[in-house]
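# Commentary on secondary and tertiary structure
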Amino acid sequence: MQHNAVRMKRVLTTPALVFFGLAYMVPLGIFTTYGQVTVLSEGHLPVAYIITLSAILFTALSYCRMTSELPLSGSAYSYVQKTFGGNLGFLVGWTQLLDYLFLPIINYIAIGIFMHEAFPSIPMGVIICATIFIVTSLNILGIKLVSSMNMLIILMQLVFIAVFLYLCFQTTFTLDVDALLVPITFAQNQVSGLFAGAAVLCLAFLGFDAISTMAEETKDAKRALPRAIMYTVFIAGTLFIIISYSAHLIYPAWQDFIPNTDTASLEVMKKVGGALMASSFIMAYVIGVFASAMTSQASIVRIFYAMGREGVLPKSVFAYIHPRLQTPVISIIFVGITSLFALVLSLSMVASMISFGALIAFTFVNLTVIKHFIIDSKEKVSAKTLFTCLVLPSIGVLLTLWLWTSLDKEALTVGLIWLSVGAAYLALITRGFRKTPPSISAEEVDLIIG
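Quick caveat, the model's predicted, so the values are computed rather than measured. (Residues numbered from 1 in each chain as written. Predicted model: local features only at pLDDT ≥ 70, side-chain atom pairs only at ≥ 80, totals over all residues. Heavy atoms only, no water.)

### Points about the pattern of salt bridges
Our working rule: Salt bridges are identified by distance alone: a Lys or Arg side-chain nitrogen within 4 Å of an Asp or Glu carboxyl oxygen. Strands here mean DSSP runs of E at least two residues long; helices mean DSSP runs of H or I at least four residues long; both are numbered from the N terminus. Only protein chains enter the accessibility calculation, which uses a 1.4 Å probe; a residue is then buried when its area is under 20% of its type maximum, exposed when over 50%, and partly exposed in between.
This model, assessed by the stated rule, comprises 3 salt bridges. In this structure, the salt-bridge partner of Glu267 is Lys270, at a minimum N-O distance of 3.9 Å. Taken together, the residues span about one helical turn, with Glu267 and Lys270 both in helix 13 (residues 264-310) at a distance of 3 residues. Note on Glu267: relative accessible area 35%, which makes it partly exposed. In this structure, the salt-bridge partner of Lys371 is Asp376, at a minimum N-O distance of 3.0 Å.

Right, here's the structure in full:
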């Protein structure tokens, strides 16, 4: 059949993957949830980022281990499916779909909000629909085109960030230690708010695991993927902490962002450089979020492709690769259509939903490392392996579970409903769990990995 005969082209290298991950995260994407998390953390956004980065680093190491072992485009779905079996693999993959489906949507909402601020005469819905059409068309044309655009867009954002930081420190430069410590010192009664904010910020780091979905389009994937994952996490985490710290110094009155947290970043930009800086920010931000929309759509399509190839989703739709373009065209169009939910959902709701799915995936990727390298190992486990494949992933599990309990009730409710729908669908395709879910054979996995 065609989904077996036609495969995706291996064109990506480590630098291209890093740019892909950074484009996915959007260096300026810190401003998507800037107001929401600044209010949740009561003005301690840099600390919330440090908490999230600490949790993410342990999980990123687990992704590195699994991408080296199983460089498949299904990411967490593939790792859990091959390690814990089809039923649990499907449920993790189903939950993973939640955050990956919502990621393009949050980008489209953000573009709509900020473009409408710049051009109030254009309805927000028109802006969102036009952006979905353009992004979908570019993804149909191929990942190489998307990758080339990512590099240019990331460089533009880095230039803007350099200007922003320069203006911040030129305006607020002080040797007053107390003033410099305000963004990073907090009281005991603010800890729960910090963790609630940190839970939302998981979506800011999703670019690192999105890299793993590009496994089947990467040259020398077993080496390139782990390197790209760690480079991306360190670069993005450092940028997020520096930018959030600088923004708080320039605009410490976080209470001003209540109740309209969505456009808080515009107030910061106006304080830094007036109307011109605010206009420049909108341009740089929208371009960056556009790149994230392209890469996030590309990633969810690859997960659909992996699940379609396994047969747990309809193969004729999700495992189809266009013979000339070598892209999963039908899946791309399907994601474009589902992205129309951006017309009716709120930014804060979508942000929380993304983090729900991400934290489930992160937890189970850590667990797959423990099971694959420790429990299932047929050889004597060394002290080094015990540390890297038991201790570190266990810390990753505990940290992600802690963040998971900090999510708001609405996100937990919707997430659990989504999970229940997935369980019902799984019961249907496995005839009440009496059959194992369909999957590709070990021989096919070896063929894909090469």
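### Looking at the packing of helix 5 (residues 76-84) against helix 13
Going by this rule: Axis definition: a line fitted to C-alpha atoms, limited for helices to the stretch in contact. Angles are taken between N-to-C directions and run from 0 to 180 degrees. Here, residues are in contact when the closest pair of their heavy atoms is within 4.5 Å. Any residue outside Ala, Val, Leu, Ile, Met, Phe, Trp, Tyr, Cys, Pro, Asp, Glu, Lys and Arg is labelled polar, Gly included; the first ten of those are nonpolar and the last four are charged.
Taken N-terminus to C-terminus, the directions of helix 5 and helix 13 make an angle of 30 degrees; their axes are 9 Å apart at the nearest point. Between helix 5, through Tyr77, Ser78, Gln81 and Lys82, and helix 13, the contact on the second element is made entirely by Ala306, Met307 and Glu310. In the contact of helix 5 with helix 13, the residues fall into 3 nonpolar, 2 polar and 2 charged.

### Quick look at the confidence of the model for the protein chain
It should be kept in mind that the predicted coordinates are not to be read in detail where pLDDT is low. Put simply, the rule reads: pLDDT is a residue-level measure of predictor confidence that goes from 0 to 100.
Confidence along the protein chain averages 84 in pLDDT terms, with 93% of residues attaining 70 or more. No element of the protein chain has a lower mean pLDDT than helix 1 (residues 2-5), at 45, and none a higher one than helix 7 (residues 124-141), at 91. Counted against residues more than four places away or in other chains, residues 1-5, with its pLDDT under 50, gives 8 contacts.

### Observations concerning the side chain of Ser331
Put simply, the rule is: Any N or O atom pair separated by 3.5 Å or less is treated as a polar contact, with the protein-specific requirement of one donor-capable and one acceptor-capable atom, and with residues adjacent in sequence counted only for side-chain atom pairs.
Its place among the elements puts Ser331 in helix 15 (residues 329-338). We classify Ser331 as buried; its relative accessible area is 0%. A distance of 3.5 Å separates the side chain of Ser331 from the backbone oxygen of Phe318, its partner in a polar contact. Setting aside its immediate chain neighbours within four residues, Ser331 contacts Val301, Phe304, Val317 and Phe318.

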